[in-house]
Amino acid sequence: MPRLPVVFSHGNRSISCEGLIDTGSTINVLPYVYGLALGMVWEEHVVELKLTGALAQHEARAASVWMRNVSLTGSNPVHLAVAWTRADDTPVIFGQINFFMEFNVCIYRSQNYFEVWRRD
């Protein structure tokens, strides 16, 4: 599974984590505990999202974070829309909206290798 180390920021808080690059996921997903660590308040995020698949039973709210990975973004973080979910047992997921809109990804599964680069 392709996992990418990143730093998320929201306001004046940051956390380091790894995210799963998931070509089958429609949206980026942020676990509840990470949102709390970034200082987010659940009640302030009022736009509800409906997740599918294994996360369908969990509540989710629209939120946004800044993502940094020095080799991909340099000193210019990327603004990501996320489905902040009440699930703590899910990984960070990078999906079609908007990770794949900001980055190109090639996955060489048979070689256990992947490449990610910023879209021009």
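Preceding block: the structure.
Everything numeric in this text was worked out from a predicted model, so none of it was measured.

How each quantity is defined
- Residues numbered from 1 in each chain as written.
- Predicted model: local features only at pLDDT ≥ 70, side-chain atom pairs only at ≥ 80, totals over all residues.
- Heavy atoms only, no water.
- Helix = DSSP H or I, 4+ residues; strand = E, 2+ residues; numbered from the N terminus.
- Buried < 20%, exposed > 50% of the residue type's maximum accessible area, 1.4 Å probe, protein only.
- Core = buried A, V, L, I, M, F, W, Y, C linked by side-chain atoms within 4.5 Å.
- Contact = heavy atoms within 4.5 Å.
- Polar contact = N/O pair within 3.5 Å; in protein donor to acceptor, adjacent residues only side chain to side chain.

**Student:** Could you clarify how one ought to interpret the environment of K50 in this entry?
**Tutor:** Relative to the elements of secondary structure, K50 occurs in the loop between β4 (48-49) and β5 (60-68). When its relative accessible area of 68% is taken as the criterion, K50 is described as exposed. The sequence separation of K50 and N112 amounts to 62 residues, and the corresponding C-alpha distance is 32 Å.

**Student:** Can you walk me through the nonpolar core in this structure?
**Tutor:** If you look at soluble globular proteins, the nonpolar side chains tend to sit buried side by side. In terms of nonpolar packing, the biggest core is built from 25 residues, with F8, L30, V65, M67, F94 and F99 touching the most fellow members. Elements with a contribution of two residues or more to this core: β1 (3-10), β2 (13-21), β5, β6 (78-85), β7 (92-94) and α3 (99-102). In terms of residues, this core owes the most to one element, β6, which gives 4 residues. When near neighbours in sequence (up to four residues on either side) are disregarded, V65 contacts F8, S9, L30, L38, M40, V78, H79, L80 and V82.

**Student:** Hey, could you run me through the side chain of R61 in this one?
**Tutor:** Within the fold, R61 resides in strand β5. Within the structure, R61 has its side chain in polar contact with the backbone oxygen of H45 (distance 2.9 Å). Not counting the four nearest positions on each side in its chain, R61 is found in contact with W42, E43, H45, V46, V47, E48, L49, V82, A83 and W84.

Honestly, that's just the spatial picture; any functional story needs more than this.
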